[in-house]
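# Results of the structural survey
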Amino acid sequence: MPIEPFEILAIRYAHLGNRHPGENLILADPHEFASDLDYFVWVLRRVDCSFVVDTGFGKPAAARRKREWLRCPAESLGLLGMDAARVSDVILTHMHYDHAGNLDRFPRARFHLQDDEMAFATGRCMCHQAMRAPFDLENTLEMVRRVYSEKAVFHKGDAELVPGLTLHRVGGHSAGLQILRVWTRRGWVIVASDASHLYANFEQGRCFPIVYNVAEMLEGFKLLYRLADSPEHIVPGHDPLVMKSYPAASPELEDIVVRLAVPPSRR
Ligand SMILES: [Zn+2]
Ligand SMILES: [Zn+2]
């Protein structure tokens, strides 16, 4: 039986400008281009199932960290006819503050994450400010509550959630970071999340400076190429070019939601 293809939607919910090159690339030349960052959550859906990928951050975290908060990621699901309160499955690519906030908005959901990520977020590495900085304690506590109420689904390495959707542990940027391989009408698309913040990271083999293990991050770039049908099938986690390269989900959702299951325009 042929696998039913997924639709993949990227919802842009926040933005950060005025970056220095060294904030995007280790060993950057201070004079080179420094991309802004966009912040996304993603939706995978087809007739028989749907998944929300990451949950973003709320307004208080945006104010604390001085990010431009454009809209609530959970409420934005309403733009796609979905209700966060009824979502059954959320995939957390990792537990950084910009990917794992707002958990209380998903009361029915099971949360899929890697063993390594939960251990990382609650273990000895969090004794170091440099490792802890991208985490938000309240988010971690919320996730611990979900472990205790049996709402966590742990994965170790690769896992198939349904035919046409697999998770792959990459590590690198965070100890248990995972990426998604998704079957679509244009073939296998990789939702890379922070395995590559920007196109420049994986295309040029240059690491983002928030990193747990540099060697794993570099191996992760290779894995993206291996799992994707082509480089055009790799979608980075924070690159503003994503909004420019893919079509809006509808005219009303221009600059808010783009469709990743169709080929990108040339960059
Ligand atoms: Zn991250
Ligand atoms: Zn991120």
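Described in the following lines is the structure provided in the data block. Values in this document were obtained by computation on a predicted structure and should not be read as measured data. (Residues numbered from 1 in each chain as written. Chains lettered and ligands numbered in written order. Predicted model: local features only at pLDDT ≥ 70, side-chain atom pairs only at ≥ 80, totals over all residues. Heavy atoms only, no water.)

### Side note on the coordination of the zinc ion (ligand 2)
Every protein donor of the zinc ion (ligand 2) is listed here as Asp 98 (OD), His 99 (NE2), Asp 194 (OD) and His 238 (NE2), and their distances to the metal cover 2.1 to 2.2 Å. One way to put it: the 4 donor atoms around the zinc ion (ligand 2) meet at angles of 89 to 154°, and that makes the site irregular. The metal-metal distance between the zinc ion (ligand 2) and the zinc ion (ligand 1) is 3.5 Å, with Asp 194 coordinating both. Within this pair, whereas His 99 is found in the loop between strand 5 (89-91) and strand 6 (110-114), its partner His 238 is found in the loop between strand 12 (234-236) and helix 8 (241-245), the two being separated by 139 residues in sequence. (Donors = N, O, S within 2.8 Å, 3.2 Å for Na, K, Ca; no water. Tetrahedral: all angles 85-135°; square planar, octahedral: opposite > 155°, others 65-115°. Helix = DSSP H or I, 4+ residues; strand = E, 2+ residues; numbered from the N terminus.)

### Section: the coordination of the zinc ion (ligand 1)
The protein atoms that coordinate the zinc ion (ligand 1) are His 94 (NE2), His 96 (ND1), His 173 (NE2) and Asp 194 (OD), at distances of 2.1 to 2.2 Å. Coordination at the zinc ion (ligand 1) comes from 4 donor atoms whose angles at the metal span 88 to 174°, giving a geometry best classed as irregular. In primary sequence terms, the donor set of the zinc ion (ligand 1) follows H-x1-H-x76-H-x20-D. Residue classification places His 94 among the buried positions, given a relative accessible area of 0%. Of the residues examined, His 96 reaches a relative accessible area of 3% and is grouped as buried. (Buried < 20%, exposed > 50% of the residue type's maximum accessible area, 1.4 Å probe, protein only.)

### A few points about the sheet that holds strand 8 (residues 159-162)
Judged by pairing direction, the sheet is mixed, and its 5 strands sit side by side in the order 8-9-10-11-12 without closing on themselves. The open sheet terminates on both sides in strands that have one partner only, identified here as strand 8 and strand 12. Averaged over all pairs of adjacent strands, the angle between their axes in this sheet comes to 25°, without regard to strand direction. As defined by bridge partners, strand 8 adjoins strand 9 (residues 165-169) across 3 bridges and the pair is classed as antiparallel. Within strand 9, the position partnered with Ala 159 by the bridge is Leu 167. (Pairing = 2+ DSSP bridges. Axes fitted to C-alpha atoms, helices over the stretch in contact; angles between N-to-C directions.)

### Topic: the packing of helix 3 (residues 115-122) against helix 5 (residues 137-148)
Here helix 3 crosses helix 5 at 125°, and the two axes come no closer than 11 Å. On the basis of their axis angle, the class for helix 3 and helix 5 is oblique. The way helix 3 lies across helix 5 gives a crossing that is left-handed. Contacts from Met 118, Ala 121 and Thr 122 of helix 3 reach helix 5 at Thr 140, Met 143, Val 144 and Val 147. Of the residues belonging to the contact of helix 3 with helix 5, the class tally is 5 nonpolar, 2 polar and no charged. (Parallel < 35°, antiparallel > 145°, perpendicular 65-115°, else oblique. Left-handed = near helix turned anticlockwise from the far one by under 90°. Contact = heavy atoms within 4.5 Å. Nonpolar A, V, L, I, M, F, W, Y, C, P; charged D, E, K, R; others polar.)

### Regarding the packing of aromatic side chains
Inspection of the entire model under this criterion finds 11 aromatic pairs. Ring-pair connections join several aromatic residues into one group, and the members of that group are Tyr 13, Tyr 39, Phe 57 and Tyr 97. Its guanidinium or amino end placed over the ring of Tyr 97, Arg 65 lies 3.9 Å from that ring's centre, counting from NZ or CZ. Between Arg 181 and the ring centre of Trp 188, over which it is positioned, the NZ or CZ distance is 4.1 Å. (Phe/Tyr/Trp six-rings, centres within 6.5 Å; stacked < 30°, edge-to-face > 60°. Lys NZ or Arg CZ within 6 Å of the ring centre and 35° of its normal.)

### Comments concerning the pattern of salt bridges
What the rule picks out here adds up to 12 salt bridges. Between Glu 7 and Arg 259 there is a salt bridge; the shortest N-O distance is 3.6 Å. Residue Glu 7 is located in strand 1 (residues 7-16), and its partner Arg 259 is located in strand 13 (residues 257-259); the two are separated by 252 residues in the primary sequence. A salt bridge links Arg 146 to Glu 142; the nearest nitrogen and oxygen atoms lie 2.8 Å apart. Of this pair, Arg 146 and Glu 142 both sit in helix 5, 4 residues apart, roughly one helical turn. Overlapping salt bridges, with partners in common, bring together Arg 12, Asp 38 and Asp 255 in one network. (Salt bridge = Lys/Arg side-chain N within 4 Å of Asp/Glu carboxyl O.)

These values are about where atoms sit, not about what they do.
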